[in-house]
Amino acid sequence: MNAAVRAVVRMGIYVNAKVYFIYEGYQGMVDGGDNIVEVSWESVSSILQVGGTVIGSARCKSFRTREGRLQAACNLVQRGITNLCVIGGDGSLTGANLFREEWSGLLEELAQKGKIDAEAVKKYAYLNIVGMVGSIDNDFCGTDMTIGTDSALHRIIEVVDAIMTTAQSHQRTFVLEVMGRHCGYLALVSALACGADWVFIPEYPPEEGWEDSMCVKLSENRARKKRLNIIIVAEGAIDCHNKPITSEKVKDLVVQRLGFDTRVTILGHVQRGGTPSAFDRILASRMGVEAVLALLEATPDTPACVVSLSGNQAVRLPLMECVQMTQEVQKAMDEGRFLEAVRLRGRSFENNLNTYKLLSHKKPDAELPKSNFNVAVLNVGAPAAGMNAAVRAAVRVGMTEGHKIFAVIDGFEGFARGKIKEISWGDVGGWTGQGGSILGTKRTLPAKYLEKIADQMRTNNINALMVIGGFEAYLGLLELSAAREKYDEFCVPMVMVPATVSNNVPGSDFSIGADTALNTITDTCDRIKQSASGTKRRVFIIETMGGYCGYLANMGALAAGADAAYIFEEQFDIRELQANVEHLTEKMKTSIQRGLVLRNENCNENYTTDFIYQLYSEEGKGVFDCRKNVLGHMQQGGAPSPFDRNFGTKISAKAMQWISKKLKETYRQGKVFANTDDSVCLLGMRRRNLVFQPVAELKSETDFVHRIPKEQWWLKLRPLMKILAKYKTSYDVSDSGQLEHVAMLPKEAETGAI
């Protein structure tokens, strides 16, 4: 929430508006006085990395009465406030809408009582409202992600990872209760991200007799030498008769029926706390800026709107449509229409549920179809967190579709050397939380091994290829498809899933691994800022990875609240460096006496990190001193973030389903033969959808020299970073959200949210 508060304040000041804090929510609005305070640029310094909200939040009974709202209106009019930005859940937003509808009546009543004059009634005749949804449950319809959800998932996954290490030593079953009284999003997504054995959510109660099914599944897993069982329970979980399923009930059942050593962990308010994730900071900053733009453009006829996220697009939706739909979900659940409830939650929720069901329950071999197809899976390029989750999903979905899955060790080089083995369902258990690449990965391209790889494909009768990797994987597929003329073995369906911390693969807005790297950068910057605030007057120059792609530097700067980010895509010269130094010199005269500058490793061959460090040190003499930090391979390691685990899982499952479809289409006279462009595809996230694109068609979109796409969506966020760091720049509003209707959001949208 603090990132949103900061963005609203700074964007408001940037467009020359007066901005006020209202402390303690609606209570502060009713009480007035010191609770409503005009704020400055510096008021929101150093709050980006703080959890909770610095302006406080409170439940307010008096605002629910007309008398309370009358007092609130009086307090606002006295300060000339007619634009409200409300960050909260559906209760807060519904209250705001009612306040807006009553506004003119409230003003007339105040005038009658002599509290305001007729002039004020005319001058402040309309109240504009824009909402942003801050709720860790992600229970608000119309947006993929609410502010706070990703951070809550980080807390849950940290706990699950910690529990996994203890339980690996003892044979234990853990029942984990997570928040979500009315919405199972946190439970479902964390179950998907950690490969839990069972999950209970309010929208999708288990069928009659679930007790038997669950115990059978747990004992089967034990029999497969799996030491740990994890069951995740949403606090609002129910059975199909609307009776609660509690974590204690689940524990007692496991102990009585199976005699397993079982522990209950209730996460409670841990999920609300802690440092916000990089995703949440960027999301909230974008929403905050969009909210100010929406208020500036609002007319008396514009309905109160809520700023939300669809894919990587900011959109505006009518507030009451969203609230209505959110209430519809609850109604459907109360009436036992659970399939309807899942559908109303939106496409993202439905996909998560379907993917979880697909990956968590292994059907008996007798029930699995037999396709007689062999599919090979390999990792290519540098390791990226989330690759293992993608391999796990590919293996399990492939087996569900009836294929034999072969794992290739060490990329194309291992392929040429025959490092290929069949891999089974149990082999990939527990892979989602592992960083790096368990299969091993190499940057080597296939061109010099074509004959050997063709031999291996023939020997192992490989009918399709799934490549998970970065730019080398993309180049590799181009080389293999070019070699089809010479080698029939490559005339098979091939698909690539983008996985690289650099996020530089053409055809996809996101790559697996980039979110984890971004969180590493953000965490490091937080620590550095903390050390700087102790010493004062210090500027840090930080070098990030990414090759020629500035994604990590730019988004890291936005998430960490940096003063500048130097990237290859936006050329800069000595004059700009000079302007940045002057900007920091001015900043040191204020109460914020620290600076943060990010530099992408290949942004300029002459203006190196050392050069920039020396330049800043010389020019800042007597005003500030400098330190530099090269983050290096730290950005490639670590446990994958919830976003990367889930994105990897979902995108990989979809890619394997595409392979199955292509295998059926291209199977003729006893063999697979695919030689068209659309049989070699990259599956990427484009705006709001997951799209399969032939790699041949992506060539025109690629800058091969610098290994980046020619156009990159995140460059539109450059001005945002500069505005929030107090630079004068022009902000392109052409891409800002137009008011849409909830029902009009693309039903097919596969979302960039997890």
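If you look the protein up in an unreviewed UniProt entry, it shows as ATP-dependent 6-phosphofructokinase from Geospiza fortis. Annotation of the protein in UniProt includes, under Catalytic activity (unreviewed entry), the sentence "beta-D-fructose 6-phosphate + ATP = beta-D-fructose 1,6-bisphosphate + ADP + H(+)". UniProt, in its Function (unreviewed entry) section for the protein, records the words "Catalyzes the phosphorylation of D-fructose 6-phosphate to fructose 1,6-bisphosphate by ATP, the first committing step of glycolysis."

Chemist: What should I look at first to understand the overall build of the protein in this one?
Modeler: Broken down by element type, the protein carries 24 helices and 25 strands. By the compact-globule yardstick of 27 Å for 754 residues, the protein fits well, its C-alpha radius of gyration being 27 Å. For the protein, the spread of C-alpha atoms along the three principal axes comes to 90 × 70 × 45 Å. Within the protein, buried positions represent 60% of all 754 residues. Considering only contacts in the protein between residues 6 or more positions apart, those separated by 24 or more positions represent 78%. When the accessible surface of the protein is totalled, it reaches about 29,500 Å², and 49% of it is carbon and sulfur.

Chemist: Would you take a moment to explain the UniProt feature "active site" (unreviewed entry) in the protein for this structure?
Modeler: Under the present numbering, the feature "active site" (unreviewed entry) in UniProt falls on Asp 137. Mapped onto the elements of the fold, Asp 137 is located in the loop between strand S4 (128–133) and helix H6 (149–169). Asp 137 gets classed as buried once you look at its relative accessible area, which sits at 15%. Setting aside residues no more than four positions away along its own chain, Asp 137 makes contact with Met 179, Gly 180, Arg 181, Cys 183, Tyr 185 and Leu 186.

Chemist: Help me understand the pattern of salt bridges in this model?
Modeler: Side chains that differ in charge, positive against negative, can pair when their charged atoms come close. Across all of its chains, the model carries 35 salt bridges by this definition. Linking Glu 297 and Arg 316 is a salt bridge whose minimum nitrogen-to-oxygen distance equals 3.0 Å. With Glu 297 in helix H10 (residues 278–297) and Arg 316 in strand S10 (residues 313–318), this pair connects stretches of sequence that are 19 residues apart. Here Arg 316 falls in the buried class, since its relative accessible area comes to 6%. For Lys 621, the salt bridge is made with Glu 618, and the minimal N-O distance between the two is 3.2 Å. Using a relative accessible area of 58% as the deciding quantity, one classes Lys 621 as exposed. Judged by its relative accessible area of 47%, Glu 618 falls in the partly exposed class. Residues participating in the shared-partner salt-bridge network are Lys 661, Lys 662, Glu 665 and Asp 678.

Chemist: Honestly, the packing of aromatic side chains in this entry has me stumped. Any pointers?
Modeler: A ring pair, where both rings are aromatic, is described by two values, the distance of the centres and the angle of the planes. Counted by the stated rule, this structure contains 21 aromatic pairs. Considering the side-chain rings of Phe 99 and Trp 103, the 5.6 Å spacing of their centres and the 90 degrees angle between planes classify their relative orientation as edge-to-face. In this pair, Phe 99 and Trp 103 are both assigned in helix H4 (residues 90–112), four residues apart and thus about one turn of the helix distant. Judged on exposure class, the residue Phe 99 and its partner Trp 103 are both buried.

Chemist: Any chance you could explain the sheet that holds strand S3 (residues 83–88) here in plain terms?
Modeler: Paired through backbone hydrogen bonds, the strands of a sheet run either parallel or antiparallel to each other. In space, the four strands of this open sheet follow the order S3-S4-S9-S10, with mixed pairing throughout. Since the sheet does not close on itself, it has two edges, and those belong to S3 and S10, each with one partner. Ignoring which end each strand starts from, the neighbouring axes of this sheet average 30 degrees apart. Across three bridges, the pairing between S4 and strand S9 (residues 305–310) is parallel. Paired with Val 130 across the strands is Cys 305, a residue of S9. Where helix H11 (residues 319–334) meets the sheet, its contacts fall on S9 and S10, and the angle it forms with S10 comes to roughly 85 degrees.

Chemist: Even after reading the chapter, I still don't get the sheet that holds strand S16 (residues 538–544), so can you show me in this structure?
Modeler: Taken in spatial order, the four strands make up an open sheet running S17-S18-S16-S19, and their pairing is parallel. In this open sheet, the two edge strands, each paired with only one partner strand, are strand S17 (564–566) and strand S19 (625–630). In this sheet, adjacent strand axes meet at a mean angle of 20 degrees when their direction is disregarded. Pairing geometry for S17 and strand S18 (residues 594–600), over three bridges, is parallel. The residue of S18 that forms the bridge with Ala 565 is Leu 598. On top of the sheet, helix H19 (residues 551–560) reaches S16, S17 and S18; it is set at about 160 degrees to S18, its chief contact.

Rules used throughout
- Residues numbered from 1 in each chain as written.
- Predicted model: local features only at pLDDT ≥ 70, side-chain atom pairs only at ≥ 80, totals over all residues.
- Heavy atoms only, no water.
- UniProt positions renumbered as here; feature names shortened; annotations may be inferred.
- Helix = DSSP H or I, 4+ residues; strand = E, 2+ residues; numbered from the N terminus.
- Rg over C-alpha atoms; globule rule 2.2 N^0.38 Å.
- Buried < 20%, exposed > 50% of the residue type's maximum accessible area, 1.4 Å probe, protein only.
- Contact = heavy atoms within 4.5 Å.
- Areas by Shrake-Rupley, 256 points an atom, 1.4 Å probe, with all protein chains shown as cover.
- Salt bridge = Lys/Arg side-chain N within 4 Å of Asp/Glu carboxyl O.
- Phe/Tyr/Trp six-rings, centres within 6.5 Å; stacked < 30°, edge-to-face > 60°.
- Pairing = 2+ DSSP bridges.
- Axes fitted to C-alpha atoms, helices over the stretch in contact; angles between N-to-C directions.

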